[in-house]
Amino acid sequence: MDASNKRKHAGLPAKYVIAACLAVIAGFATVYLSLAPSDNGRTSASVKDEAAKGAGSGPLAGLNKGPMAAFVARKAPLDLPDVAFEGPDGAPMSLADLKGKVVLLNIWATWCVPCREEMPQLNALQAGLGGGDFEVVAINIDKGGVDKAKAFLEETGATDLAFYADPSAKLFAKLKAVGMPTTLLLNAQGQEIGRLVGPADWASPEAKKLIETAIKNAG
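Conventions and cut-offs
- Residues numbered from 1 in each chain as written.
- Predicted model: local features only at pLDDT ≥ 70, side-chain atom pairs only at ≥ 80, totals over all residues.
- Heavy atoms only, no water.
- Core = buried A, V, L, I, M, F, W, Y, C linked by side-chain atoms within 4.5 Å.
- Buried < 20%, exposed > 50% of the residue type's maximum accessible area, 1.4 Å probe, protein only.
- Helix = DSSP H or I, 4+ residues; strand = E, 2+ residues; numbered from the N terminus.
- Pairing = 2+ DSSP bridges.
- Disulfide = S-S within 2.5 Å.
- pLDDT = per-residue confidence, 0-100.
- Contact = heavy atoms within 4.5 Å.

1. Quick word on the nonpolar core
Next, step 1: Ranked by internal contacts, the top residues of the largest apolar core, which has 54 residues, are Leu185 and Trp202.
Next, step 2: Within the residue set of this core, elements represented by two or more residues are strand S4 (102–108), helix H3 (113–129), strand S5 (134–140), helix H4 (146–155), strand S6 (164–165), strand S7 (182–186), strand S8 (192–197) and helix H6 (205–216).
Next, step 3: At six residues, S4 tops the list of elements feeding residues into this core.

What follows is the structure in structure tokens.
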């Protein structure tokens, strides 16, 4: 084999490595931006179909409009595993500790680009409706410590949101979340009554009506 051919063959592995890296990056991007439902892996089109049908005849049916179009209401409340996380004071908590009020549980991270846009909207929802009957519980899943995550809330103006964290990030899998952010709506019994995968305008009138209806029917 002459020197020219040797150089060509020597360059092939590097090209394959670069191609493989690009494929991996593309794969991560697909997962990161996925709007597939988080509980059974169906396509995003099927999620939209279910949302369009109003997902049953419950009190939240028909409220998935405008900015809430991707919200999928449960036909019946769904029991969730009692996952653990850290409360505002750093003490251990679980979903059982949130019972007694309607909760909008948002899973977020500082590296989630859509989360940066969504956080001020979640803050506005908490500022407007938060209280004894309702709370936005935004749980951070960063693994690099709480300082960066807390700074993120400050930077985005989300100062009305209490800081919750799950450094283990196990909550993401246990709640069958796919894509970031993922937001679950829980009733006062701690059951899931709906979820929205991906970013949404939680400061919109449609979001406010959705939450007010959930509070009204909290039982």
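Having seen the model, we can carry on.
2. Brief notes about the pairing of S7
Next, step 1: Within S7, five of the five residues are buried, which leaves it mostly tucked inside the rest of the structure.
Next, step 2: Side chains Thr182, Leu184 and Leu186 of S7 all project onto a buried face; the interleaved residues Thr183 and Leu185 project onto the opposite face, where all are buried too.
Next, step 3: Of the pairings in the sheet, the one linking S7 to S8 comprises five bridges and is antiparallel in character. The partner of leucine 186 across the bridge, within S8, is glutamate 192.
Next, step 4: If you look at the hairpin formed by S7 and S8, you'll find five residues sitting between the two strands, and glycine 190 has a positive phi there, around 80 degrees.

3. Some remarks on the state of the cysteines
Next, step 1: Across all of its chains, the model carries one disulfide by this definition.
Next, step 2: Bridging cysteine 112 to cysteine 115, the disulfide has an S-S length of 2.4 Å. The chirality of the disulfide connecting cysteine 112 with cysteine 115 is right-handed, given an S-S dihedral of about 80 degrees.
Next, step 3: Its relative accessible area of 1% is what places cysteine 115 among the buried residues.

4. Points about the confidence of the model for the chain
Next, step 1: Mean pLDDT over the chain stands at 81; residues scoring 70 or higher make up 74%.
Next, step 2: Low confidence marks residues 3–48, where pLDDT is under 50. Its contacts with residues over four positions away, or in another chain, come to 36 contacts.
Next, step 3: Considering only residues more than four positions removed or in separate chains, one finds that residues 50–55, a stretch of pLDDT under 50, has 17 contacts.

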